[in-house]
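# Per-entry structural report
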Amino acid sequence: MPERRKIIHIDMDAFYAAVEQRDNADLRGKPIAVGWSGPRSVVATASYEARRFGVHSALPSVTAARKCPELIFVPPRFEVYRAVSRQLRQIFAAYTPLIEPLSLDEAYLDVSEDLRGLGSATRTAEAIRAEIRRETGLTASAGVSYNKFLAKLASDARKPDGLFVITPAMGPELVADLPVGKVHGIGPATTARLNRLGIHTGGDLRAAPLALLVREFGKAGQFYHQIAQGIDERPVQPDRARKSIGAENTFAADLYSQDAALQALQPILAKLWRHCQGGGVSGRTLTLKVKYADFQQITRSHTAPRPLASAGEMEQVMGLLLAPLFPSAKGIRLLGLTLSSLDGEGDEAGPGGQLELAL
Ligand code: DCP
Ligand code: MG
């Protein structure tokens, strides 16, 4: 039995929207959506005032405006969000070197070692939340637990501006009641497949034979089996320079035609491009990942002489990678795109792409 870890998951509340309301008093207390209002746009995030109307991330802007006629659309300011994100990382670093950022507003911290002598992980989380509020004028929610999966679940439990602790005694019972779709990493397609097998909750998942899960889901099945018991041995991966960024989607129904695949890749490409813009990152290598209905997985890559400078350039490369895979006898269940050979953020990383962390 490995030593028990203490993990904090920090997640900012309505991040982009909170930053906009902080910087513009006219927007405070009002329903706002960060994003453009155009017909092809989606909401990046919504203020809590707007969420009451059912406005949320990824909702088409047109739908959002219909649900909430008073909704104010605010264009994103990624440089400002990045600057806040850097402030956050600096705050975290004062508490532990073991920081794993998940996005601009989210990170896991391993605080098994009480480096600041604060007495407990819960007190450490409270100290971090207070410092974030003081330094940035924004609120964060925190989850505290003995692994990453439960810490992330906990940070969501008391949002906004909340803290929740899941102790080892609480873990298994909490997981048993959890709908499987709420497990981080189990998306809508996997949820539907689990449901078809009669697995709806963590409890059902726990009762399912490991052999069945592995047969149905491969390596992921093993992970689900562990998670169902509240076990998650994944360590916090300290702040490495990112070597790639990627996005992928599993489809509810398998895809057979090139047209369908191209269409299904559009939102994935859009997401990847948004991540590039959000992170100030560009890259030269685009990799297409295809998982077929029988779980066979292939990748196809192309490296351009210069960084891909627009969504359009990326789309061209994507089309070149996709075309030779058709016609295809097998259905496609998942498509993904990854960008690597990165510029920008990764520059400090040196030859191996790994940033050496002074401990
Ligand atoms: N984001 C985005 N598109 C999405 C999801 C998120 O552009 N589909 C951006 C906007 C969010 C930020 O990432 O502000 C952080 O995402 P979160 O999922 O943490 O959402 P919020 O911080 O906005 O709200 P919450 O209080 O639920 O964490
Ligand atoms: Mg957040």
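These notes cover the structure that comes with them. (Residues numbered from 1 in each chain as written. Chains lettered and ligands numbered in written order. Predicted model: local features only at pLDDT ≥ 70, side-chain atom pairs only at ≥ 80, totals over all residues. Heavy atoms only, no water.)

## Quick look at the sheet that holds strand β1 (residues 7-12)
Selection criterion: Any two strands with at least two DSSP bridges between them are considered paired. The helix and strand labels rest on DSSP assignments: H or I over at least four residues marks a helix, E over at least two residues marks a strand, and numbering proceeds from the N terminus. Think of each axis as a best-fit line through the C-alpha atoms, taken over the contacting stretch in the case of a helix, with angles from 0 to 180 degrees between the N-to-C directions. In this description, contact between two residues means that some pair of their heavy atoms is separated by no more than 4.5 Å.
Within the open sheet, the five strands sit side by side as β5-β6-β1-β7-β8. Their pairing is mixed. Lying at the two open borders of the sheet, with one neighbouring strand each, are β5 (99-103) and β8 (163-165). Strand-to-strand twist across the sheet, computed as the mean angle between neighbouring axes with direction ignored, equals 15 degrees. Strand contacts of helix α5 (residues 121-136): β1, β6 (106-110), β7 (140-145) and β8, with the helix running at about 170 degrees to β7, the strand carrying the most contacts. Here helix α6 (residues 148-157) sits on the sheet in contact with β1, β5, β6, β7 and β8, set at roughly 140 degrees to β7.

## Quick word on the nonpolar core
Which entries qualify depends on this criterion: Only buried Ala, Val, Leu, Ile, Met, Phe, Trp, Tyr and Cys residues count toward a nonpolar core, and they belong to the same one when joined by side-chain atoms within 4.5 Å. Burial classes follow relative accessibility: with a 1.4 Å probe on protein chains only, a residue under 20% of its type's maximum area counts as buried, one over 50% as exposed, and anything between as partly exposed.
Ranked by internal contacts, the top residues of the largest apolar core, which has 33 residues, are I8, I10, F92, L109, I128 and I132. At the level of elements, β1, α1 (15-23), β2 (32-34), α4 (78-93), β6, α5 and β7 are the ones that each hand at least two residues to this core. The element contributing the most residues to this core is α4, with seven residues. Those residues within four positions of I8 in sequence are excluded, and the remaining contacts are A107, Y108, L109, V111, A121, T124, A125, I128, A142, G143, V144 and A151. Residues F251, L286, A304 and L337 belong to the second largest nonpolar core, which totals 32 residues.

## Structural notes on the site of ligand 1
Heads up, the condition is: A single heavy atom is enough: if one lies within 4 Å of a molecule or strand, its residue is considered near that molecule or strand. Here a polar contact is taken to be a pair of N or O atoms separated by no more than 3.5 Å, where protein atoms must pair a possible hydrogen donor with a possible acceptor and residues adjacent in sequence count only if both atoms sit in side chains. Calculation of accessible area relied on Shrake-Rupley with a 1.4 Å probe; when residues are assessed, cover is drawn exclusively from the protein chains displayed. Amino acids are sorted into nonpolar (Ala, Val, Leu, Ile, Met, Phe, Trp, Tyr, Cys and Pro), charged (Asp, Glu, Lys and Arg) and polar (every other residue, Gly among them).
Neighbouring ligand 1 are 14 residues, the closest being A14, F15, T45, Y48 and R51. Residue A14 places a main-chain N or O atom 2.8 Å away from an oxygen atom belonging to ligand 1. T45 has a polar side-chain atom sitting 2.5 Å from an oxygen atom of ligand 1. Protein contact buries 76% of the 540 Å² of open area that ligand 1 shows by itself. Counting only elements with at least two residues in the shell around ligand 1, the list comes to β1, α1 and α2 (48-51). Here the residues of the shell around ligand 1 sort into six nonpolar, two polar and six charged.

None of this, on its own, says anything about what the molecule does.
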